[in-house]
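# Report on the structure
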Amino acid sequence: MLRVLCLLAVVDSVLLLDSGMLFPRESASREVKELNGLWAFRADISPSRNQGFEEAWYKSRLIESGPVIDMPVPASYNDITQDPSLRTFTGWVWYEREVVVPTRWITDEEIRVVLRVGSAHYYSVVWVNGVKVTEHNGGHLPFEAEIGSVIRKDPTAKCRITIAVNNTLTLETLPPGTIQYMNDPTRYPKGFFVQNIFFDFFNYAGIHRSVLLYTTPKAFYVDDITVVTDFSDNAGLVNYKVSVKGSAAATLKLTLMDKEGHCVASSSGSVGALKVADVKLWWPYLMHENPGYLYSLEVHLTAANDKSTSEDVYLLPVGIRTVKVSSTQFLINNKPFYFHGVNKHEDSDIRGKGFDWPLIVKDFNLMKWMGANSFRTSHYPYAEEILQMCDQHGIVVIDECPGVGIKDIRSFGNASLTHHLVVMDELVRRDKNHPSVVMWSVANEPASEMPPENNEHAMASKHFQDLISPLQHVARCVFFPQAPYVDVVCVNSYFSWYHDPGYLEVIPIQLNTQFEDWYAKYQKPIIQSEYGADTLPGLHNDPPLMFTEEYQQAVLQHYHNVFDQKRKHYVIGELIWNFADFMTVQGITRVVGNKKGVFTRQRQPKAAAFILKERYWRLANETGKLPYWTKYPCSL
Ligand code: BDP
């Protein structure tokens, strides 16, 4: 079975949303207060799952309406307790935390106070001191609410934040899912229902990323920045657009600084271009001895009246690079780039999909150790901090929206299309300025065999293309093969695994046919975006048998032989499925999760990791320039 992904290459966007989503950063005019740690928590176990709303649990402290437990934020709640019903809970859960807000934020009416949730899966409603401040539909992207007026109502009260989160997936969510009630009393307990999903990872839920309070000035502030970069010879170009919100008239000044803090270009006005002499380009890891070079763009707003001057300052990291796609190559800074990398998941023991710095840094060290220059955010947008790490380390990213498991015909209507577009819009708004992001992935393996007139998700890629069409490096969607929206064809295939299981000898012929057919049809470069085999660490057999470490190694080697022939022509990358083992629903094909990782879930290498390490470093040696510190492997 060949499975096709949809991908769009980058770079700028015209957005439907009317406000920006800049990552909260401290500056001379902005403060950030993290609200991570222990929150009070209760799952609404009432049969309707609606008791919390009926009894208005948000109106007073959560403990006053019933028992609460400690719940860490960020983290999925599923694996935190010993309660099996919480592990698979579907419905509303309630989080609450009281926060001490700095007095000045309350007394100074000129300060804008914003509450931001990095992500909560899937549907969230947020109250502050019992007043609803926002709700958000979607499990992987940030949302915000301005809360100054609410906390100023009673300056002496603590600020009580209540967040209700519902992980129920419907035919219109991304990813989609259905709830199935089992009403036969001879077979199931009363009220028994299951959440059906059509994707292969556990539907972890809860507040997955940081919750923050941050401030900006109120009279005016930098709401959004878009940069699109280019270069010619030695000169770099940063085209920028700044959107300012607020009532006061303000002056805008932009300064681009190099790593040493020296100003290399400056400008004023909300739209313009900064020219950088002797530009240091942003290069991927292993393509240049100094990868991931970032400038810093200081956006400075000032307004003065007779009495005082006020300002807003925002610092945006900027990597200057270009992305182009020909019929056979993917070019970064006009040089051919070959993706030798991994597919990942946000997934680990205990935390589930919860953001965790030690895990992230470990994963980056492992990717760099094995010589991976890229990864795909299968199958949803990852935390912004991960993309920031990619920018800094030069790890190239295919940024995927949560359009995975779109299989049911009922998920192909207008409501699904509308939601898909909003999610893509939110994704581009959040990630458009990351130099590491070189491609958008619109969906993984939707039922693209549906004819175009019925296929709203194919329409999503068309609309999405219209959205980003004024841009310089626009690519076109792939997942709907007849549609002319393709820059890069991404193919997932599992020869000798899901097809002809156990017969390694089919791989060379089937993989060759796969590549030749897709290339003949579209004349677009192709990435092998998934391939692999489930492997239980420590299980051995020679000759190789399925599920042993030897079999995983053999599958990889057979695939690699074909990649080596085709990469001379139009194959532009290979991404192993998967970087690490990850949790899935229970089922007869999964032994406590998907075991196709080349690392275990605890990030220990299986034998296949060493095969990839040897290969990726060899590919890097052939095509790129190794950084100076590779002489000192300990620093990896
Ligand atoms: C691929 C899916 C991925 C699965 C993988 C597998 O894209 O989500 O985990 O198959 O079955 O087709 O291991």
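Note that this is a predicted model, so its numbers are computed, not measured.

This paragraph deals with the sheet that holds strand β11 (residues 159–166). The antiparallel open sheet is built from six strands, whose spatial order is β4-β3-β5-β11-β8-β9. The open sheet terminates on both sides in strands that have one partner only, identified here as β4 (69–73) and β9 (131–137). Averaged over all pairs of adjacent strands, the angle between their axes in this sheet comes to 30°, without regard to strand direction. Bridge analysis of strand β5 (residues 92–99) against β11 gives eight bridges, and the strand direction is antiparallel. Pairing of valine 99 across the sheet is with cysteine 159, part of β11.

With that out of the way, let us pick up helix α6 (residues 384–393). Counting buried positions along α6 gives eight out of 10 residues, so the element sits mostly inside the fold. Of all the residues in α6, the buried ones are Glu384, Glu385, Ile386, Leu387, Gln388, Met389, Cys390 and Asp391. Buried positions along α6 lie against β6 (111–117), α5 (357–369), β27 (374–376), β28 (396–400), α7 (414–431) and β29 (437–444). Of the residues one or two after α6, glycine 394 is the one with positive phi, at around 75°.

You can see cysteine 490 is positioned in strand β30 (residues 489–493). Between the alpha carbons of cysteine 490 and glycine 573 there is a distance of 9.1 Å; along the sequence they are 83 residues apart.

Next up on the list: the packing of helix α10 (residues 549–566) against helix α11 (residues 607–623). Look at α10 against α11: their axes get within 8 Å of each other, and the N-to-C directions meet at 20°. Classified by the interaxial angle, the pair formed by α10 and α11 is roughly parallel. Contacts between α10 and α11 involve Glu549, Gln552, Gln553, Leu556, Gln557, His560, Phe563 and Asp564 from the first element and Ala607, Ala608, Ile611, Leu612, Arg615 and Arg618 from the second. Along the lines of polarity and charge, the residues of the contact of α10 with α11 split into six nonpolar, four polar and four charged.

This brings us to the side chain of glutamine 514. With respect to the helices, strands and loops of the structure, glutamine 514 is situated in helix α9 (residues 506–522). You can call glutamine 514 buried: its relative accessible area is 2%. Within the structure, the side chain of glutamine 514 is placed 2.8 Å from the side chain of glutamine 528, a separation counted as a polar contact.

Pairing is antiparallel in the open sheet, where three strands are placed in the order β23-β24-β25. Of all strands in the sheet, those with a lone pairing partner are β23 (323–325) and β25 (335–336), marking the two edges. As judged from the three bridges shared by β23 and strand β24 (residues 330–332), these two strands associate in the antiparallel manner. In the strand pairing of β24, lysine 324 is matched with leucine 331.

Moving on, we get to α11. Here α11 contains 17 residues, and its C-alpha end-to-end distance of 25 Å stays within 8% of the 24 Å for a straight helix at 1.5 Å per residue. Within the span of α11, buried status applies to Ala608, Ala609, Ile611, Leu612, Arg615, Tyr616, Trp617, Leu619 and Ala620. Along its buried surface, α11 packs onto β26 (339–343), α5, α10 and β32 (571–576).

Each aromatic ring pair is specified by the distance between its two centres and by the angle formed by the two planes. Scanning the model with the defined rule gives 36 aromatic pairs in all. Centre to centre, the rings of phenylalanine 330 and phenylalanine 339 are 5.1 Å apart; their planes meet at 65°, and the pair counts as edge-to-face. For phenylalanine 339, a relative accessible area of 0% puts it in the buried group. Site record: aromatic cluster; members linked through ring pairs are Phe53, Trp57, Tyr58, Trp92, Trp94, Tyr123 and Trp127. Over the ring of phenylalanine 375 we find lysine 344, and its NZ or CZ is 6.0 Å from the ring centre.

Attention now moves to the pairing of β11. Here is the key point about a regular strand: its side chains alternate between the two faces of the sheet. Among the eight residues in β11, eight count as buried, and that is most of the element. The alternating pattern of β11 places Cys159, Ile161, Ile163 and Val165 and Arg160, Thr162, Ala164 and Asn166 on opposite faces, both of which are buried. Pairing of strand β8 (residues 123–128) with β11, which is carried by six bridges, proceeds in the antiparallel orientation. Within the sheet, the bridge partner assigned to tryptophan 127 lies in β11 and is threonine 162.

Turning our eyes to something else, we now look at the environment of serine 124. For serine 124, the position within the fold is in strand β8. The exposure class assigned to serine 124 is buried, which follows from its relative accessible area of 0%. Those residues in contact with serine 124, other than ones at most four positions away along the chain, are Thr134, Glu135, His136, Phe143, Ile163, Ala164 and Val165.

Interpretation of this model should avoid reading the predicted coordinates in detail wherever pLDDT is low. Here the chain shows a mean pLDDT of 91. Residues at 70 or above account for 89%. Ignoring residues within four places in sequence, the model shows residues 631–636, a span with pLDDT below 50, making seven contacts including any to other chains.

Moving on, we get to the environment of arginine 567. With respect to the element layout, arginine 567 can be found in the loop between α10 and β32. The spacing of arginine 567 and isoleucine 527 is 40 residues in sequence and 9.6 Å in space, taken between C-alpha atoms. A polar side-chain atom of arginine 567 sits 2.8 Å from a polar atom in the side chain of aspartate 564.

Rules and cut-offs
Residues numbered from 1 in each chain as written. Predicted model: local features only at pLDDT ≥ 70, side-chain atom pairs only at ≥ 80, totals over all residues. Heavy atoms only, no water. Pairing = 2+ DSSP bridges. Helix = DSSP H or I, 4+ residues; strand = E, 2+ residues; numbered from the N terminus. Axes fitted to C-alpha atoms, helices over the stretch in contact; angles between N-to-C directions. Buried < 20%, exposed > 50% of the residue type's maximum accessible area, 1.4 Å probe, protein only. Contact = heavy atoms within 4.5 Å. Parallel < 35°, antiparallel > 145°, perpendicular 65-115°, else oblique. Nonpolar A, V, L, I, M, F, W, Y, C, P; charged D, E, K, R; others polar. Polar contact = N/O pair within 3.5 Å; in protein donor to acceptor, adjacent residues only side chain to side chain. Expected span 1.5 Å × (residues − 1). Phe/Tyr/Trp six-rings, centres within 6.5 Å; stacked < 30°, edge-to-face > 60°. Lys NZ or Arg CZ within 6 Å of the ring centre and 35° of its normal. pLDDT = per-residue confidence, 0-100.

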